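Observations on the three-dimensional arrangement
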Amino acid sequence: MAYVELHCHSAYSFLDGASHPEELALRAAELGYEALALTDHDGVYGSLELAHAAKLAGVRAITGAEVTLNDNSHVTLLVQSSQGYSNLCRLLTAAHAHTRPKDGELVPPGLDPALLAELNEGLVCLSGCARQGLGSRDPNAAVALARNFGPERFYVELQRPFERGDARRNALLRDLAEHAGLQTI
């Protein structure tokens with residue numbers, strides 16, 4: 001099986017990514033990737049740029065987003081179909097719905113997990129990033145969400161950002177996947 005990057009941030013994810021979507025597509029082609037998922041924070045900001053550049057580079061573009069839930073944990077959503085893209089857009093709109101109050105400071109986006117469970121058709125869900133992933137922060141909530149998606153559309157995400165605790169966190173996530181009957185990626 002060929003390697004595919006399923007959790008990639010562009011410069012649209014401020015302080016978490018630095019490259020433009022076009023640069024990411026070209027680098028993916030140089031590395032021989034068959035596909036690349038762009039999963040910027042709480043939006044699909046660079047997905048069209050990636051799609052155009054990836055097509056020219058011979059790489060399949062996967063649309064997605066790293067979505068912040070109400071408790072500030074993250075899940076990564078990947079689009080499988082046109083219905084999935086529609087649902088992802090609805091979910092992102094709901095997450096941003098109350099971020100600009102008329103008086104006071106901006107509020108960070110947050111998605112109700114119940115809405116995610118309801119609008120999951122056409123989406124694949126990954127348990128989230130190393131720092132704030134739902135699988136790491138609230139394993140019980142991750143398992144509950146996995147039941148809504150099913151084992152064929154929910155995966156426990158393992159990452160190694162070379163930080164203290166990587167090996168322990170990944171061991172716990174592997175145990176979570178094993179006990180819940182889920183696959184890791």
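Our structure's up above, just so we're on the same page.
So, here's what we can say about the structure. Here the residue index of a chain counts from 1 through its sequence in written order. Owing to the predicted nature of the model, reporting of local features is limited to residues with pLDDT of at least 70; listing and counting of side-chain atom pairs is limited to 80 or more, with chain, interface and lining totals taken over all residues. The basis for every side-chain value is the complete set of heavy atoms in the structure, and neither hydrogens nor water enter the calculation.

**Points about the environment of Ala144**
What counts, and what does not: Working definition: helices are DSSP H or I runs of at least four residues, strands are E runs of at least two. Numbering for both runs from the N terminus. Accessible area is worked out with a 1.4 Å probe on protein chains only. A residue is then buried under 20% of its type maximum, exposed over 50%, and partly exposed in between.
Structurally, the position occupied by Ala144 is in helix H6 (residues 139–149). Taking the relative accessible area as the measure of exposure, Ala144 reaches 33% and is therefore partly exposed. On a C-alpha basis, the gap between Ala144 and Ala180 in space is 9.7 Å, while along the polypeptide they are 36 residues apart.

**Observations regarding the packing of helix H1 (residues 21–30) against helix H2 (residues 47–57)**
The criterion, for reference: Lines fitted to the C-alpha atoms define the axes, with helices restricted to the stretch that makes contact. Angles between their N-to-C directions range from 0 to 180 degrees. To sort the angles, those under 35 degrees are grouped as roughly parallel, those over 145 as roughly antiparallel, those from 65 to 115 as roughly perpendicular, and the leftovers as oblique. Put simply, a crossing is left-handed when the front helix is turned counterclockwise from the back one by less than a right angle, and right-handed when it is turned clockwise. In this analysis, two residues are considered to be in contact whenever any of their non-hydrogen atoms come within 4.5 Å of each other.
Where H1 contacts H2, the axes come no closer than 8 Å and their chain directions differ by 30 degrees. One way to sum up the angle between H1 and H2 is to call them roughly parallel. Here H1 and H2 pass one another in a crossing that is right-handed. Counting all contacts with H1, which are made through Pro21, Glu22, Ala25, Leu26 and Ala29, the residues of H2 involved are Glu49, Leu50, Ala53, Ala54 and Ala57.

**Describing the packing of aromatic side chains**
Applied cut-off: Two rings from Phe, Tyr or Trp (for Trp, the six-membered ring) form a pair when their centres are within 6.5 Å of each other. A pair whose planes differ by under 30 degrees is stacked, one over 60 is edge-to-face, and the rest are tilted.
All chains considered together, the criterion is met by 3 aromatic pairs. Here Phe149 and Phe154 contribute two aromatic rings whose centre-to-centre distance is 6.4 Å and whose plane-to-plane angle is 55 degrees, an arrangement assigned as tilted. Under the relative-accessibility criterion, Phe149 is labelled buried at 2%.

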